[in-house]
Amino acid sequence: MKYFSLIIIFVLFSCGKKEDVLLPKSNVTIVKDVEDLSPIYIFFKTEGKDTIAEVNRKSSIISTNWIFNIDKRLPLKLVIPEVMKLQEKKRADSAHKKEKAENYYSYADSIGKNLAFLPFTKVYYKMEKPNKENFVFYFRKGKEKVLVGNKEIKISEILQHFYSIKFERVPDVVFLFDKNMSYEEYIQDKILLQKYVSYNLDKLPVEFIF
């Protein structure tokens, strides 16, 4: 709870002006406490009819855990390119990084009334379509079910569906997210993936945004 208070204070009074980050909400906590952290903020801004993702990473230290506080209203097509730049910077700075320093997305647990965190350190993003050799689970804007070929399934059934197929050669599993979905919808899907899928995989799949 103390981390939530610190973030709210920073957001409200940074640079002497009011800046809000509306965090995504969920009803479950994946990670409750993160210590030795640096906050990174991605604000929702507008210029005329254009929406802009404005990054503030002034307080980030390579050797710490990075907490990404991102406005839930932003679309993935604006969020993920900024996340990729920051990931690459941290991965490239081998002189100062710690092996155990992780990256987390923050969100609000509406049931526990606390700030919660979702790890994504090992995720590699690509802003393109996956190739045809991959087995693709497609997460679409505004849809609760995942599209696999021409079939819709629940997120909780992803592994069951995959293992029910007899492949001649087992393909790589990848997740494809609609670039126009909101960041909040993405985080809610990711939390369900963490619960039903990711912990059962040998490695986290590459995530495609298109």
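Residues numbered from 1 in each chain as written. Predicted model: local features only at pLDDT ≥ 70, side-chain atom pairs only at ≥ 80, totals over all residues. Heavy atoms only, no water.

Focus on the nonpolar core
Stage number 1. Tyr 105, Tyr 125, Phe 137 and Phe 139 are the most contacted members of the largest nonpolar core, which totals 42 residues.
Stage number 2. Setting aside residues no more than four positions away along its own chain, Phe 139 makes contact with Val 146, Ile 155, Ile 158, Phe 175, Leu 176, Phe 177, Asp 178, Met 181, Asp 189 and Leu 193.
Stage number 3. In this structure, Leu 23, Tyr 41, Phe 43 and Tyr 104 belong to the second largest nonpolar core, which totals nine residues. (Core = buried A, V, L, I, M, F, W, Y, C linked by side-chain atoms within 4.5 Å. Buried < 20%, exposed > 50% of the residue type's maximum accessible area, 1.4 Å probe, protein only. Contact = heavy atoms within 4.5 Å.)

A few points about unusual backbone geometry
Stage number 1. Non-glycine residue Asp 36 carries a positive phi angle of around 50 degrees.
Stage number 2. Looking at where Asp 36 falls in the secondary structure, it is placed in the loop between strand S1 (25-26) and strand S2 (37-47).
Stage number 3. Taking relative accessible area as the criterion, Asp 36 reaches 44% and is therefore assigned partly exposed.
Stage number 4. If you check the backbone angles, Lys 113 has positive phi at about 60 degrees while not being a glycine.
Stage number 5. With relative accessibility at 60%, the residue Lys 113 sits in the exposed group. (Helix = DSSP H or I, 4+ residues; strand = E, 2+ residues; numbered from the N terminus.)

Remarks on helix H2 (residues 76-92)
Stage number 1. Here H2 spans 24 Å end to end across 17 residues, near enough to the 24 Å set by a 1.5 Å rise per residue.
Stage number 2. When we look at burial in H2, the residues that qualify are Leu 76, Val 79, Ile 80, Val 83, Met 84, Leu 86, Gln 87 and Lys 90. (Expected span 1.5 Å × (residues − 1).)

Some details on the pairing of strand S11 (residues 173-177)
On any regular strand, side chains alternate: one points to one face of the sheet, the next to the other face.
Stage number 1. Where burial is concerned, most of S11 is hidden: five out of the five residues are buried.
Stage number 2. Taking every second residue as pointing to the same face, both faces of S11 are buried, with Val 173, Phe 175 and Phe 177 on one and Val 174 and Leu 176 on the other.
Stage number 3. Judged from the five bridges that link them, strand S8 (residues 135-139) and S11 form a sheet pairing that is parallel. In the strand pairing of S11, Phe 135 is matched with Val 173. (Pairing = 2+ DSSP bridges.)

Notes on the pairing of S2
Stage number 1. Here S2 pairs with strand S4 (residues 65-70) via six bridges, running parallel. Of the residues in S4, the one forming a bridge with Ile 40 is Phe 68.
Stage number 2. Where S2 lies against strand S3 (residues 50-56), seven bridges are found, and the strand directions are antiparallel. Counted as the bridge partner of Ile 42 is Val 55 from S3.
Stage number 3. Following S2, the chain reverses through two residues before pairing antiparallel with S3; Gly 48 in that reversal takes a positive phi of roughly 65 degrees.

Observations regarding the packing of aromatic side chains
Stage number 1. Counted according to the given criterion, the structure contains 18 aromatic pairs.
Stage number 2. Ring plane angle 20 degrees and centroid distance 4.6 Å describe the contact between Phe 139 and Phe 177, whose orientation is recorded as stacked. Note that Phe 139 is positioned in strand S8 and Phe 177 in strand S11, a separation of 38 residues in sequence.
Stage number 3. Its end group placed over the ring of Phe 44, Arg 73 keeps NZ or CZ at 4.3 Å from the ring centre. (Phe/Tyr/Trp six-rings, centres within 6.5 Å; stacked < 30°, edge-to-face > 60°. Lys NZ or Arg CZ within 6 Å of the ring centre and 35° of its normal.)

Re the environment of Glu 144
Stage number 1. Mapped onto the fold, Glu 144 is located in the loop between S8 and strand S9 (146-148).
Stage number 2. Each C-alpha atom of the pair Glu 144 and Asp 189 lies 8.6 Å from the other, and the pair is 45 residues apart in sequence.

Here's the deal with the confidence of the model for the protein
Stage number 1. Taken over all residues, the pLDDT of the protein has a mean of 87, while the share at 70 or more is 86%.
Stage number 2. With pLDDT under 50 throughout, residues 1-15 is counted as low confidence; its partners more than four residues away or in other chains account for 28 contacts. (pLDDT = per-residue confidence, 0-100.)

Considerations on the pattern of salt bridges
Stage number 1. Scanning all chains against the criterion turns up four salt bridges.
Stage number 2. A salt bridge links Asp 71 to Arg 73; the shortest N-O distance between them is 2.8 Å.
Stage number 3. Accessibility expressed as a relative area gives 0% for Asp 71, which makes it buried.
Stage number 4. Overall, the relative accessible area of 39% leaves Arg 73 in the partly exposed class.
Stage number 5. The salt bridge involving Glu 152 is made with Arg 140; its shortest N-O contact spans 2.7 Å. Within this pair, whereas Glu 152 is found in strand S10 (residues 151-153), its partner Arg 140 is found in the loop between S8 and S9, the two being separated by twelve residues in sequence.
Stage number 6. Arg 140 gets classed as buried once you look at its relative accessible area, which sits at 14%. (Salt bridge = Lys/Arg side-chain N within 4 Å of Asp/Glu carboxyl O.)

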